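Below, each chain spelled out in residue letters.
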Amino acid sequence: MASDELRMGKEEEHLPLFETKRAKGIVLYRLFAASVFAGICLILVYRVSHVPKAGTDGRFGWIGLLGAEIWFAFYWLLTQASRWNPVYRHTFKDRLSQRYENELPGVDIFVCTADPTIEPPMMVINTVLSVMAYDYPPEKLSVYLSDDGGSEITYHALLEAVEFAKHWTPYCKKYNVEPRSPAAYFVSVPADDAVEDNQAKDFVVITKLYKDMENKIENAVKLGHISEEVRSKHKGFSQWDTYKSRHDHDTILQIAIHGRDPNSADVEGCGLPTLVYLAREKRPQYHHNFKAGAMNALIRVSANVSNGNVILNVDCDMYSNNSMAIRDALCFLMDEGKGHAVAYVQFPQNFKNLTKNELYSSFRIISEVEMHGSDGYEGPIYIGSGCFHRRDTLCGRKFIKGSKSDMKWEISRKREESGIHELEENSKSLASCTFEQNTEWGKEMGLKYGCPVEDVITGLSIQCRGWKSVYCNPTRKAFLGLAPTTLPHTLVQHKRLSEGSLQILLSKYSPAWYGHGKISLALQLGYCIVCCWASNCWATLFYSIVPSLYLLKGISLFPQISSPWLIPFAYVIIGKYTWSFVEFLWSGGTILGWWNDQRMWLYKRTSSYLFAFVDTILYFLGYTDSAFAITAKVADEDVSQRYEKEIMEFGASSPMLTILATLALFNVYCFAEFVKEATTGSKGMAQVFETMALQILLCGVLILINIPLYQALYLRKDKGKMPASIAFKSMAFVLVACTCFKFSY
């Protein structure tokens, strides 16, 4: 009996800490994709073989559509790289605990914020508290708040959070609370039957403590500064004595909790995680490199304070929704068979404030489909938040086949013996403006500089050094954040993402050549999906304008209904959008959500991507500088109410909204003029429909998809409607353009 138990124990030791499953039905999908590709080829054959002769009406439009369709075909092929071999991962956290519970590595968590107005301190603190309460040994956990705004109000909020954490952390562990963001937890608990009887008393106490903390922080926010009474209680505020502005100040570093200090304990007498506040030095004459610079300062400072083997970075609005996420990540990093090659574990970006039908779309298909496809080639991209890294891979280390890196916990005697004040002073220089001069930081070490999406090129460079990455998408989402609640904010966010991605494609870090021979071709194509986002603008604009424009003159640009050439067009259109619909529903979306996704697909490509493309070209020509735009995380009450009702928010005038309004009105005008000519002209409706069915269908779909725009232009009276100035400008543009075209021959 003993020998059987011993044998079973040895077998258990060799079982993997995670398993990988291939997607079901992948063969059927590949056959379907092959048939769609055949249809695309036939469409291109039709275009090339039926080009109108020189001087014939419609030749320009025909050739332009050929170019657009070649681009769509190319981009469709790119997207197949992320659907050809998807995999799904499952972890075995019980095996991890059985083997390594006493040897789990140190984990340093970076929370980054940059503006206390756009990113409210209460939101930031809830994220900090959520990661402090992970189901993980507190002495091995260190949390760093990087405040690039250098705000004493954010620092004050952190100090208040320290006192609350002494009650919140033991409460979470005692009652196995999920989620561990206080704000999210209290919202998730119904008021009428909040908790079980044995928990009720503690629930009342913890609720009151949270409200007290919230009131103190919000009062400081309203006041706009810290009162002298509060400043006198904490010596850390003295570091703001030389503070000139958020762009001109010394390094501010405060170890609010030293986890290995026996005096740092919660109300139950148990230890708390280390908690550090950092506002790196800023000077007007030095480029601070945005979030990448903040992350690199955190990497250096944390190495001196706690030096955890694993680094997790989260955006300040991405609170922990799953207290076991660290253990999920470690199942990949500590797996005896494959873990030594894993550089980072990427979790998806999910959002708690999405409406039922995802009014402004989301990253659903990216998270639920494309990232799993990249994982099939051991290379999901690093998306900048919710990612667990091996520290040494962020510092430029190359992967050597057969090498093994020890992730086990080790206590540094040097740090144990150092006093808090001494540790703070020794670490400040690591976050100075001049520290990186004549070093490899931002090049071969840390996150890379020179691009608005520094996370993507950083992940690519790690993979090009031989490392693999893993995508972990557990049933209970690991992180939940805030999605934009207005259309302009959504468009600005996608402009930044697509602009940065296009810069990568045209830079020395382009996956097309930087990754050649270093990562698989499929993974290169997967990166190019993102890098080519902005380039989609021209083909989409052409398809949104030219077919409708030619309706005005009754010139057909597609096969007639009776022509056999209509079949490949019909098959590709029906097949692509049917699969897109099924894919969206399978990923957990709704029918109306899919329709909203198609609308946002059009809006992004004709506005965000267009401006991103133009700005990128100007950037490479030296006319503009690269910039990092922070998306607002809060909205006015009336904006929030309209968002919850799924009413699109347009608001202030902007060039992107002008383009959208112009395109929407343009298609209405073309369709109305066409109907007028068709009903009063010599040709009957049946004949007109026979020759121009696909153009009519395309124009009609564009009108239907733009209904919210028409409502915002002419029917709505609320503050979220389209500004009158945009309505006048867009009508003028449409009348001039259509009149000129109609009478150009």
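Note that the structure is a prediction, hence the values are computed from the model and not measured.

A word on unusual backbone geometry
Looking along the chain, the bond that leaves Glu178 and enters Pro179 is cis, with omega of -10 degrees. Position of Pro179 among the secondary structure elements: in the loop between helix H6 (152–175) and helix H7 (182–188). For Glu358, which is not glycine, the phi torsion reads 50 degrees and is therefore positive. Summarising the element assignment, Glu358 is placed in the loop between strand S10 (350–351) and helix H12 (364–375).

Focus on the packing of helix H4 (residues 93–100) against helix H11 (residues 325–333)
Closest axis-to-axis distance for the H4/H11 pair is 9 Å, and the angle between their directions is 75 degrees. Judged by the inter-axis angle, H4 sits roughly perpendicular to H11. Contacts between H4 and H11 involve Lys93, Leu96 and Ser97 from the former and Arg327, Asp328, Leu330 and Cys331 from the latter. Here the residues of the contact of H4 with H11 are counted per class, giving 3 nonpolar, 1 polar and 3 charged.

Details of the environment of Pro511
Structurally, Pro511 can be placed in the loop between helix H17 (487–505) and helix H18 (521–531). Sequence spacing of Pro511 and Leu521 is 10 residues, and the spatial spacing of their C-alpha atoms is 9.4 Å. With sequence-adjacent residues up to four places away left out, Pro511 is seen in contact with Leu460, Ile504, His516, Gln524, Tyr527, Cys528 and Cys531.

Some words on the packing of helix H23 (residues 655–680) against helix H25 (residues 707–715)
Relative to each other, H23 and H25 sit at 100 degrees, their axes nearing to 10 Å. Taken together, the axis directions place H23 and H25 in an arrangement best described as roughly perpendicular. Between H23, through Leu660, Ala661, Ala664, Leu665 and Val668, and H25, the contact on the second element is made entirely by Leu709, Tyr710, Leu713 and Tyr714. For the contact of H23 with H25, the class distribution of residues is 9 nonpolar, no polar and no charged.

Digging into the UniProt feature "binding site: UDP-alpha-D-glucose" (unreviewed entry) in the protein
As annotated by UniProt and renumbered to match this structure, "binding site: UDP-alpha-D-glucose" (unreviewed entry) occupies Glu119 and Asp148. Across 30 residues of sequence, these annotated residues stay compact in space, with a maximum C-alpha separation of 11.3 Å. Along the polypeptide, Glu119 turns up in the loop between strand S3 (107–113) and helix H5 (121–132). Counting through the fold element by element, Asp148 comes out in the loop between strand S4 (141–147) and H6.

A short note on the packing of aromatic side chains
All chains considered together, the criterion is met by 44 aromatic pairs. Taken together, a centroid distance of 6.1 Å and an interplanar angle of 55 degrees make the contact between Trp168 and Phe186 tilted. Of the two residues, Trp168 sits in helix H6 while Phe186 sits in helix H7, which places them 18 residues apart along the sequence. By way of ring pairs, the aromatic residues Phe164, Trp168, Tyr171, Tyr175, Tyr185, Phe186, Phe203 and Tyr210 are connected into one cluster. Here the basic side chain of Arg47 rests over the ring of Phe558, its NZ or CZ set 5.0 Å away from the ring centre. Over the ring of Phe92 we find Arg95; its NZ or CZ atom is 3.9 Å from the centre of that ring.

So, the UniProt feature "transmembrane region" (unreviewed entry) in the protein
As recorded in UniProt, the sites labelled "transmembrane region" (unreviewed entry) are residues 27–48, 60–78, 525–545, 565–586, 607–630, 650–672, 693–714 and 726–744. For residues 565–586, helix accounts for 95% and strand for 0%, while the C-alpha atoms at its two ends are 32 Å apart. Taken as a whole, residues 693–714 contains 95% helix and 0% strand, while its terminal C-alpha atoms sit 29 Å from one another.

Thoughts on the sheet that holds strand S11 (residues 387–390)
Strand pairing in a sheet is mediated by backbone hydrogen bonds. Such pairs are either parallel or antiparallel. Within the open sheet, the 8 strands sit side by side as S5-S6-S4-S3-S7-S11-S9-S12. Their pairing is mixed. Since the sheet does not close on itself, it has two edges, and those belong to strand S5 (252–257) and strand S12 (468–471), each with one partner. Pairs of neighbouring strands in the sheet enclose a mean axial angle of 20 degrees, with direction left out of account. Across 4 bridges, strand S9 (residues 342–346) lies against S12 in parallel orientation. In the sheet register, Val345 faces S12, and the bridge partner there is Val470. Sitting on the sheet, H5 touches S3, S4, S5, strand S6 (274–279) and strand S7 (310–315), and the angle it makes with S4 is about 165 degrees.

Describing the pairing of S4
With 7 of 7 residues buried, S4 lies mostly within the body of the structure. Of the pairings in the sheet, the one linking S3 to S4 comprises 7 bridges and is parallel in character. The residue bridging Asp108 from the neighbouring strand is Ser142, located in S4. Handedness of the β-α-β unit built from S3, H5 and S4 comes out right-handed. Bridge analysis of S4 against S6 gives 5 bridges, and the strand direction is parallel. Opposite Val143, over in S6, you have Leu275 as the bridge partner.

Regarding the domain arrangement of the protein
Assigned domains of the protein: these are domain 1 (27–84 + 520–743) and domain 2 (105–255 + 265–366 + 375–401 + 443–483). The straight-line distance from the C-alpha centre of domain 1 to that of domain 2 is 39 Å. Of the residues lining the interface, 35 residues belong to domain 1; the matching set on domain 2 comes to 34 residues. When domain 1 packs against domain 2, the two sides together hide about 3,000 Å² of surface, and 65% of this comes from carbon and sulfur. Summed over the shared surface of domain 1 and domain 2, the result is 0 salt bridges. Between the two partners, domain 1 and domain 2, sit 11 residue pairs in polar contact (both at pLDDT 80 or more). Those elements giving two or more residues to the side of domain 1 that touches domain 2 turn out to be H18, helix H20 (566–586), helix H21 (591–620) and helix H22 (637–644). In terms of residue count, H21 provides more of the side of domain 1 that touches domain 2 than any other element does, 6 residues in total.

Rules and cut-offs
Residues numbered from 1 in each chain as written. Predicted model: local features only at pLDDT ≥ 70, side-chain atom pairs only at ≥ 80, totals over all residues. Heavy atoms only, no water. Helix = DSSP H or I, 4+ residues; strand = E, 2+ residues; numbered from the N terminus. Axes fitted to C-alpha atoms, helices over the stretch in contact; angles between N-to-C directions. Parallel < 35°, antiparallel > 145°, perpendicular 65-115°, else oblique. Contact = heavy atoms within 4.5 Å. Nonpolar A, V, L, I, M, F, W, Y, C, P; charged D, E, K, R; others polar. UniProt positions renumbered as here; feature names shortened; annotations may be inferred. Phe/Tyr/Trp six-rings, centres within 6.5 Å; stacked < 30°, edge-to-face > 60°. Lys NZ or Arg CZ within 6 Å of the ring centre and 35° of its normal. Pairing = 2+ DSSP bridges. Buried < 20%, exposed > 50% of the residue type's maximum accessible area, 1.4 Å probe, protein only. Right-handed = clockwise from strand over helix to strand, strands pointing away. Domains from an automatic or database assignment. Buried area = accessible area lost by both parts, 1.4 Å probe. Salt bridge = Lys/Arg side-chain N within 4 Å of Asp/Glu carboxyl O. Polar contact = N/O pair within 3.5 Å; in protein donor to acceptor, adjacent residues only side chain to side chain.

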